[in-house]
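Okay, here's what each chain looks like letter by letter:
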Amino acid sequence: MDIEETQVSVKFVTKLPNQLKVPEEVLSVPAKLTRLGLSQVVNSLLGLESAQPFDFLILGELLRQPLKKFLLAQSVSTETVLQVEYFKAVVPPQLKNQLPHDDWVSAVDGSQQSTLTGSYDGILRLWNSAGELTSSTQAHKQGINAVSCLPSSQGALALSAGKDHSIRLWAAPALKATSSGAVQPPTCLAVYKGHTDSVEDVAASPSGSAFCSGAWDGNVHIWRTGREVALASEAAATASKAVSKKRKLENTADASSAVAEGPLQEAAKAQLQGHSQCVSGVAWPDQDTIYSGSWDHSVSSAILSRWHA
């Protein structure tokens, strides 16, 4: 019998709510039907006002070809009554916005109200939910490899890591912005130096009070960060302004009263060794454990029993 004329007996079953269940009775449908055709049959039986796409599971496999071909591939007779389980199909994602950059985009974090991106031009960019660029800051002298927003409990703070061997902590109020319009650009609060080669990845601890980094030098470093560093940076900036004001009033440039200006300079609190090549990825999923992945074909874990993060 020609495939155009062959009929197959099916019984539709589902685990969906009652309003999406069809009577469990045997029906005859054309063997030429594909997933789309069966979906149309189910929609007709349900009498839905708006068509709902369904996927189908037969003999433990998703239907991705006409019924006839599927039965032949499974060596199942067309006279067999097929139990066909249907469920809501996953609709393919629709492109919402494109965020153009001037160079390769190497890092993205969308965990806050705004999206933070880093690229090989060394620029840190913030985008609102409408896909509009709200700020751009020259964050590194060379390309950016990684960005990471700290947990909201630490405030509007983010990290960037670059090929210039450094990591930077940024105060970025725009991360929490919910509307379009002018926003305050990110301010660098601290610079973390200790790696001797390009920093490839960073990962904040669950609390956001610390983070780890991995680099081409094969090392993993642990650093303090978050609100503690932000407050220290603010205090240092206030002290610097006070000294500058005093100098102007006294008309002096006494070096003994100098206070370092600019971002805080932070050193690593700990260094973890164990990789012979570039550390390309790090993760800090719980308070006591750090994972690192390397070009040496290994993943290492470190237990931080004495580290309060």
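Description of the structure in this document. Because the structure is predicted, anything quoted here is derived from the model rather than measured.

## Considerations on the overall build of the protein chain
When you go through the protein chain residue by residue, the secondary structure sums to three helices and 21 strands. When the 309 residues of the protein chain are sorted by exposure, 44% land in the buried category. Once local pairs closer than 6 in sequence are excluded, the contacts in the protein chain between residues at least 24 apart make up 51%. For the protein chain, the computed accessible surface area is about 16800 Å², with 50% contributed by carbon and sulfur atoms.

## Points about the sheet that holds strand β20 (residues 289-294)
Strand order in the open sheet formed by three strands is β19-β20-β21, with antiparallel pairing between adjacent strands. Bordering the open sheet on either side are β19 (279-286) and β21 (299-303), each of which pairs with just one other strand. Neighbouring strand axes in the sheet, compared pairwise and without regard to direction, differ in orientation by 20° on average. Both β20 and β21 contribute to a ladder of five bridges, which runs antiparallel. Across the sheet, the residue bridging to tyrosine 291 is serine 301, located in β21.

## Thoughts on the nonpolar core
Within the largest apolar cluster, 23 residues are counted, with the highest numbers of intra-cluster contacts made by Phe12, Leu38, Val42, Phe56, Leu67, Leu82 and Tyr86. Looking at this core, the elements that each hand over two or more residues are β1 (7-13), α1 (35-46), β3 (54-58), α2 (67-73) and β5 (82-88). Contacts of valine 42, omitting those with residues within four sequence positions, involve Phe12, Val22, Phe54, Phe56 and Tyr86. Membership of the second largest hydrophobic core comes to 20 residues, among which are Ala204, Phe211, Ala215 and Leu264.

## Re the side chain of serine 135
Checked against the element boundaries, serine 135 lands in strand β9 (residues 133-138). Excluding anything up to four places from it in sequence, serine 135 contacts Leu124, Arg125, Leu126, Val183, Pro185 and Pro186.

What counts and what doesn't
- Residues numbered from 1 in each chain as written.
- Predicted model: local features only at pLDDT ≥ 70, side-chain atom pairs only at ≥ 80, totals over all residues.
- Heavy atoms only, no water.
- Helix = DSSP H or I, 4+ residues; strand = E, 2+ residues; numbered from the N terminus.
- Buried < 20%, exposed > 50% of the residue type's maximum accessible area, 1.4 Å probe, protein only.
- Contact = heavy atoms within 4.5 Å.
- Areas by Shrake-Rupley, 256 points an atom, 1.4 Å probe, with all protein chains shown as cover.
- Pairing = 2+ DSSP bridges.
- Axes fitted to C-alpha atoms, helices over the stretch in contact; angles between N-to-C directions.
- Core = buried A, V, L, I, M, F, W, Y, C linked by side-chain atoms within 4.5 Å.

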